[in-house]
Amino acid sequence: TFAHGLIPVSLREELSTLRLHRLHRRVIAAIQDLQPDNFEALAFHARQAGAQDLARQYTLPAGDRALSLYTNHEAVQYYSDALDMDLIDTERTHALDGLGEAQFRLGRYEEAAKSWQECARRYLSARDHNNAARITARAARAEWFTQYESRALLMCTQTLAQIRAMVPDAAERETPGMAHLLHETARAFRFSSKFDEALNLCREALTLAEKLGLIEVQAEALATLGIMPNMTPEEARQALRRSITLAEGAGLLATAVRAHDNLSEMLILELDYSAARAHQIRARE
(Lines give C-alpha, C1' and ligand atoms only; values in the text may rest on other atoms or scores of the structure.)
Protein backbone atom coordinates (compact mmCIF):
# COMPACT_ATOMS: atom_id res chain seq x y z
CA THR A 1 0.00 0.00 0.00
CA PHE A 2 3.00 2.34 -0.08
CA ALA A 3 2.59 5.22 -2.52
CA HIS A 4 6.18 4.92 -3.72
CA GLY A 5 8.65 2.04 -3.81
CA LEU A 6 11.37 4.06 -2.08
CA ILE A 7 9.26 4.61 1.05
CA PRO A 8 9.69 1.06 2.46
CA VAL A 9 13.38 1.23 1.54
CA SER A 10 13.74 4.45 3.52
CA LEU A 11 11.81 3.02 6.44
CA ARG A 12 14.00 -0.06 6.44
CA GLU A 13 17.20 1.98 6.37
CA GLU A 14 16.05 3.89 9.46
CA LEU A 15 15.75 0.69 11.47
CA SER A 16 18.64 -0.40 13.61
CA THR A 17 20.33 -3.73 12.91
CA LEU A 18 19.02 -5.08 16.19
CA ARG A 19 15.46 -4.06 15.30
CA LEU A 20 15.76 -5.66 11.85
CA HIS A 21 17.04 -8.87 13.38
CA ARG A 22 14.09 -8.94 15.77
CA LEU A 23 11.61 -8.40 12.93
CA HIS A 24 13.13 -11.19 10.88
CA ARG A 25 12.99 -13.50 13.88
CA ARG A 26 9.29 -12.71 14.22
CA VAL A 27 8.84 -13.61 10.55
CA ILE A 28 10.71 -16.86 11.17
CA ALA A 29 8.39 -17.71 14.06
CA ALA A 30 5.34 -17.04 11.89
CA ILE A 31 6.61 -19.17 9.00
CA GLN A 32 7.59 -21.99 11.34
CA ASP A 33 4.01 -21.96 12.63
CA LEU A 34 2.23 -21.66 9.28
CA GLN A 35 4.62 -23.21 6.72
CA PRO A 36 7.26 -25.23 8.59
CA ASP A 37 8.55 -26.82 5.37
CA ASN A 38 9.13 -23.48 3.61
CA PHE A 39 12.88 -23.95 3.92
CA GLU A 40 13.68 -21.29 1.33
CA ALA A 41 11.90 -18.47 3.19
CA LEU A 42 13.16 -19.68 6.54
CA ALA A 43 16.75 -19.79 5.26
CA PHE A 44 16.46 -16.25 3.88
CA HIS A 45 15.02 -14.73 7.04
CA ALA A 46 17.47 -16.64 9.22
CA ARG A 47 20.36 -15.09 7.30
CA GLN A 48 18.74 -11.64 7.54
CA ALA A 49 18.25 -12.16 11.27
CA GLY A 50 21.89 -13.12 11.75
CA ALA A 51 20.69 -16.45 13.17
CA GLN A 52 23.51 -18.69 11.99
CA ASP A 53 22.23 -21.90 13.58
CA LEU A 54 18.80 -21.46 11.97
CA ALA A 55 20.37 -20.46 8.65
CA ARG A 56 22.43 -23.64 8.66
CA GLN A 57 19.39 -25.69 9.67
CA TYR A 58 17.30 -24.50 6.71
CA THR A 59 19.81 -23.70 3.94
CA LEU A 60 20.87 -27.29 3.29
CA PRO A 61 17.25 -28.58 3.00
CA ALA A 62 16.51 -25.66 0.68
CA GLY A 63 19.44 -26.73 -1.49
CA ASP A 64 18.30 -30.35 -1.46
CA ARG A 65 14.80 -29.38 -2.57
CA ALA A 66 16.14 -27.13 -5.33
CA LEU A 67 18.30 -30.01 -6.54
CA SER A 68 15.35 -32.43 -6.50
CA LEU A 69 13.32 -29.96 -8.58
CA TYR A 70 16.19 -29.36 -11.03
CA THR A 71 16.29 -25.65 -10.18
CA ASN A 72 20.03 -25.97 -10.37
CA HIS A 73 21.04 -22.31 -10.22
CA GLU A 74 19.15 -21.99 -6.94
CA ALA A 75 20.72 -25.21 -5.66
CA VAL A 76 24.21 -23.86 -6.40
CA GLN A 77 23.40 -20.70 -4.46
CA TYR A 78 21.98 -22.51 -1.42
CA TYR A 79 24.87 -24.98 -1.20
CA SER A 80 27.41 -22.18 -1.70
CA ASP A 81 25.72 -20.18 1.05
CA ALA A 82 25.85 -23.22 3.30
CA LEU A 83 29.56 -23.74 2.65
CA ASP A 84 30.21 -20.19 3.85
CA MET A 85 28.70 -21.14 7.20
CA ASP A 86 30.24 -22.90 10.17
CA LEU A 87 29.15 -26.41 9.21
CA ILE A 88 30.01 -29.67 10.91
CA ASP A 89 31.96 -32.18 8.80
CA THR A 90 28.98 -34.25 7.66
CA GLU A 91 27.04 -31.13 6.64
CA ARG A 92 29.99 -29.77 4.64
CA THR A 93 30.39 -33.08 2.85
CA HIS A 94 26.66 -33.12 2.10
CA ALA A 95 26.80 -29.59 0.70
CA LEU A 96 29.78 -30.41 -1.55
CA ASP A 97 27.97 -33.52 -2.81
CA GLY A 98 24.89 -31.52 -3.81
CA LEU A 99 26.88 -28.57 -5.13
CA GLY A 100 28.83 -30.80 -7.49
CA GLU A 101 25.61 -32.31 -8.86
CA ALA A 102 24.04 -28.90 -9.50
CA GLN A 103 27.23 -27.62 -11.16
CA PHE A 104 27.44 -30.73 -13.34
CA ARG A 105 23.85 -30.29 -14.54
CA LEU A 106 24.67 -26.70 -15.51
CA GLY A 107 27.66 -27.82 -17.58
CA ARG A 108 30.13 -26.31 -15.12
CA TYR A 109 32.25 -29.44 -15.26
CA GLU A 110 35.54 -28.16 -13.86
CA GLU A 111 33.74 -26.69 -10.85
CA ALA A 112 31.76 -29.91 -10.38
CA ALA A 113 34.92 -32.01 -10.50
CA LYS A 114 36.59 -29.76 -7.92
CA SER A 115 33.58 -29.92 -5.56
CA TRP A 116 33.32 -33.69 -5.89
CA GLN A 117 37.03 -34.31 -5.42
CA GLU A 118 36.96 -32.49 -2.09
CA CYS A 119 33.77 -34.36 -1.23
CA ALA A 120 35.39 -37.72 -2.05
CA ARG A 121 38.38 -36.91 0.16
CA ARG A 122 36.00 -36.21 3.01
CA TYR A 123 34.12 -39.47 2.49
CA LEU A 124 37.42 -41.36 2.45
CA SER A 125 38.51 -39.64 5.67
CA ALA A 126 35.24 -40.74 7.25
CA ARG A 127 35.86 -44.28 5.92
CA ASP A 128 32.62 -44.11 3.94
CA HIS A 129 33.96 -46.14 1.02
CA ASN A 130 30.57 -46.48 -0.71
CA ASN A 131 30.02 -42.74 -1.08
CA ALA A 132 33.72 -42.12 -1.74
CA ALA A 133 33.50 -44.50 -4.70
CA ARG A 134 30.24 -43.01 -5.94
CA ILE A 135 31.47 -39.43 -5.84
CA THR A 136 34.83 -40.27 -7.39
CA ALA A 137 32.96 -41.81 -10.32
CA ARG A 138 30.94 -38.61 -10.69
CA ALA A 139 34.07 -36.45 -10.46
CA ALA A 140 35.76 -38.56 -13.12
CA ARG A 141 32.79 -38.18 -15.45
CA ALA A 142 32.91 -34.41 -14.92
CA GLU A 143 36.64 -34.40 -15.72
CA TRP A 144 35.93 -36.32 -18.91
CA PHE A 145 33.91 -33.36 -20.19
CA THR A 146 36.79 -30.92 -19.60
CA GLN A 147 40.06 -30.40 -21.41
CA TYR A 148 41.72 -32.37 -18.62
CA GLU A 149 39.88 -35.65 -19.26
CA SER A 150 43.09 -37.63 -18.78
CA ARG A 151 42.85 -36.90 -15.04
CA ALA A 152 39.74 -39.09 -14.81
CA LEU A 153 41.73 -42.33 -15.02
CA LEU A 154 44.25 -41.27 -12.36
CA MET A 155 41.45 -40.17 -10.05
CA CYS A 156 39.60 -43.48 -10.43
CA THR A 157 42.62 -45.74 -10.00
CA GLN A 158 43.85 -43.86 -6.94
CA THR A 159 40.48 -44.10 -5.19
CA LEU A 160 40.13 -47.77 -6.12
CA ALA A 161 43.52 -48.49 -4.58
CA GLN A 162 42.65 -46.53 -1.42
CA ILE A 163 39.34 -48.35 -0.99
CA ARG A 164 40.90 -51.77 -1.55
CA ALA A 165 43.51 -50.99 1.09
CA MET A 166 40.88 -49.61 3.46
CA VAL A 167 38.47 -52.52 2.97
CA PRO A 168 40.48 -55.73 2.38
CA ASP A 169 37.37 -57.94 2.37
CA ALA A 170 36.11 -58.02 -1.23
CA ALA A 171 32.57 -58.84 -0.12
CA GLU A 172 32.41 -55.66 1.97
CA ARG A 173 33.39 -53.63 -1.09
CA GLU A 174 30.34 -54.81 -3.03
CA THR A 175 28.38 -51.57 -2.78
CA PRO A 176 26.47 -49.43 -5.31
CA GLY A 177 29.21 -46.81 -5.18
CA MET A 178 31.85 -49.39 -6.04
CA ALA A 179 29.81 -50.56 -9.04
CA HIS A 180 29.72 -46.98 -10.32
CA LEU A 181 33.46 -46.54 -9.74
CA LEU A 182 34.40 -49.82 -11.41
CA HIS A 183 32.47 -48.83 -14.52
CA GLU A 184 33.83 -45.28 -14.62
CA THR A 185 37.38 -46.63 -14.24
CA ALA A 186 36.73 -49.07 -17.06
CA ARG A 187 35.44 -46.23 -19.21
CA ALA A 188 38.51 -44.13 -18.45
CA PHE A 189 40.78 -47.06 -19.38
CA ARG A 190 38.82 -47.49 -22.63
CA PHE A 191 39.38 -43.91 -23.70
CA SER A 192 43.03 -44.18 -22.69
CA SER A 193 43.32 -47.11 -25.16
CA LYS A 194 44.02 -49.61 -22.37
CA PHE A 195 41.47 -52.07 -23.64
CA ASP A 196 42.28 -55.20 -21.62
CA GLU A 197 42.03 -53.37 -18.28
CA ALA A 198 38.87 -51.67 -19.51
CA LEU A 199 37.18 -54.91 -20.53
CA ASN A 200 37.95 -56.70 -17.26
CA LEU A 201 36.76 -53.86 -15.07
CA CYS A 202 33.66 -53.27 -17.16
CA ARG A 203 32.64 -56.91 -16.83
CA GLU A 204 33.32 -56.73 -13.09
CA ALA A 205 31.12 -53.63 -12.84
CA LEU A 206 28.35 -55.33 -14.80
CA THR A 207 28.45 -58.43 -12.62
CA LEU A 208 28.28 -56.38 -9.43
CA ALA A 209 25.51 -54.17 -10.82
CA GLU A 210 23.46 -57.24 -11.74
CA LYS A 211 24.01 -58.67 -8.27
CA LEU A 212 22.87 -55.43 -6.62
CA GLY A 213 20.05 -54.74 -9.08
CA LEU A 214 21.54 -51.44 -10.28
CA ILE A 215 19.86 -50.84 -13.63
CA GLU A 216 21.70 -47.59 -14.33
CA VAL A 217 25.15 -49.13 -13.91
CA GLN A 218 24.12 -52.18 -15.94
CA ALA A 219 22.94 -50.00 -18.81
CA GLU A 220 26.05 -47.81 -18.66
CA ALA A 221 28.43 -50.79 -18.48
CA LEU A 222 26.72 -52.46 -21.43
CA ALA A 223 26.96 -49.24 -23.45
CA THR A 224 30.70 -49.16 -22.71
CA LEU A 225 31.15 -52.85 -23.55
CA GLY A 226 29.59 -52.08 -26.92
CA ILE A 227 32.56 -49.88 -27.86
CA MET A 228 35.30 -52.23 -26.71
CA PRO A 229 37.55 -53.11 -29.66
CA ASN A 230 38.47 -56.40 -27.94
CA MET A 231 34.84 -57.59 -28.04
CA THR A 232 33.50 -59.46 -31.05
CA PRO A 233 31.08 -57.44 -33.22
CA GLU A 234 28.22 -59.73 -32.24
CA GLU A 235 29.01 -59.40 -28.51
CA ALA A 236 29.19 -55.61 -28.89
CA ARG A 237 25.85 -55.45 -30.71
CA GLN A 238 24.18 -57.60 -28.06
CA ALA A 239 25.59 -55.42 -25.28
CA LEU A 240 24.33 -52.24 -26.91
CA ARG A 241 20.86 -53.66 -27.55
CA ARG A 242 20.63 -54.81 -23.93
CA SER A 243 21.75 -51.35 -22.81
CA ILE A 244 19.02 -49.71 -24.90
CA THR A 245 16.35 -52.01 -23.50
CA LEU A 246 17.39 -51.44 -19.89
CA ALA A 247 17.92 -47.69 -20.25
CA GLU A 248 14.68 -46.96 -22.06
CA GLY A 249 12.73 -49.22 -19.71
CA ALA A 250 14.07 -47.34 -16.70
CA GLY A 251 13.77 -43.86 -18.22
CA LEU A 252 17.54 -43.37 -18.29
CA LEU A 253 17.44 -41.18 -21.37
CA ALA A 254 21.05 -39.99 -21.45
CA THR A 255 22.30 -43.58 -21.26
CA ALA A 256 19.81 -44.65 -23.92
CA VAL A 257 21.06 -41.89 -26.22
CA ARG A 258 24.63 -43.04 -25.70
CA ALA A 259 23.77 -46.66 -26.49
CA HIS A 260 21.75 -45.74 -29.60
CA ASP A 261 24.58 -43.54 -30.81
CA ASN A 262 27.22 -46.23 -30.21
CA LEU A 263 25.13 -48.84 -32.01
CA SER A 264 24.55 -46.46 -34.91
CA GLU A 265 28.30 -45.91 -35.30
CA MET A 266 28.84 -49.66 -35.40
CA LEU A 267 26.13 -50.14 -38.02
CA ILE A 268 27.64 -47.38 -40.17
CA LEU A 269 30.95 -49.26 -40.20
CA GLU A 270 29.01 -52.35 -41.29
CA LEU A 271 27.38 -50.27 -44.07
CA ASP A 272 23.90 -50.86 -42.65
CA TYR A 273 22.91 -47.22 -43.10
CA SER A 274 19.17 -47.69 -42.79
CA ALA A 275 19.41 -49.30 -39.34
CA ALA A 276 22.06 -46.75 -38.28
CA ARG A 277 19.75 -43.91 -39.29
CA ALA A 278 16.88 -45.43 -37.27
CA HIS A 279 19.01 -45.46 -34.13
CA GLN A 280 20.12 -41.86 -34.68
CA ILE A 281 16.50 -40.77 -35.06
CA ARG A 282 15.57 -42.62 -31.88
CA ALA A 283 18.52 -41.03 -30.06
CA ARG A 284 17.37 -37.58 -31.14
CA GLU A 285 13.83 -38.32 -29.97
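Before reading on, note that the structure itself is shown above.
This text gives an overview of the structure that appears in the document.

How each quantity is defined
Residues numbered from 1 in each chain as written. Predicted model: local features only at pLDDT ≥ 70, side-chain atom pairs only at ≥ 80, totals over all residues. Heavy atoms only, no water. Patch = residues over 30% accessible without salt bridge, like charges linked within 9 Å, V, L, I, M, F, W, Y side chains within 5 Å. Areas by Shrake-Rupley, 256 points an atom, 1.4 Å probe, with all protein chains shown as cover. Salt bridge = Lys/Arg side-chain N within 4 Å of Asp/Glu carboxyl O. Helix = DSSP H or I, 4+ residues; strand = E, 2+ residues; numbered from the N terminus. Disulfide = S-S within 2.5 Å. Buried < 20%, exposed > 50% of the residue type's maximum accessible area, 1.4 Å probe, protein only.

**Some points on a nonpolar patch on the surface**
Alright, step 1. Residues F2, I7 and L11 make up a contiguous nonpolar surface patch of roughly 270 Å² in combined accessible area.
Alright, step 2. Relative to the helices and strands, L11 resides in helix α1 (residues 6–14).

**So, the state of the cysteines**
Put plainly, a disulfide is one covalent bond tying together the sulfur atoms of two cysteines.
Alright, step 1. Within this structure, the stated rule accounts for zero disulfides.
Alright, step 2. Left without a disulfide partner, C119 is nearest to the cysteine sulfur of C156, which lies 15 Å away.
Alright, step 3. Given the relative accessible area of 0%, C119 is considered buried.
Alright, step 4. Left without a disulfide partner, C156 is nearest to the cysteine sulfur of C202, which lies 12 Å away.
Alright, step 5. Owing to a relative accessible area of 0%, C156 belongs among the buried residues under this scheme.

**A few points about unusual backbone geometry**
Excluding glycine, a negative phi dihedral is what most residues carry, and trans is how most peptide bonds are arranged.
Alright, step 1. For S193, which is not a glycine, the phi torsion comes out positive at approximately 60°.
Alright, step 2. Relative to the helices and strands, S193 resides in the loop between α10 (176–191) and α11 (195–212).
Alright, step 3. The phi torsion at L271 lies on the positive side, around 65°, for a residue other than glycine.
Alright, step 4. Considering the arrangement of structural elements, one finds L271 in the loop between α14 (253–269) and α15 (273–284).

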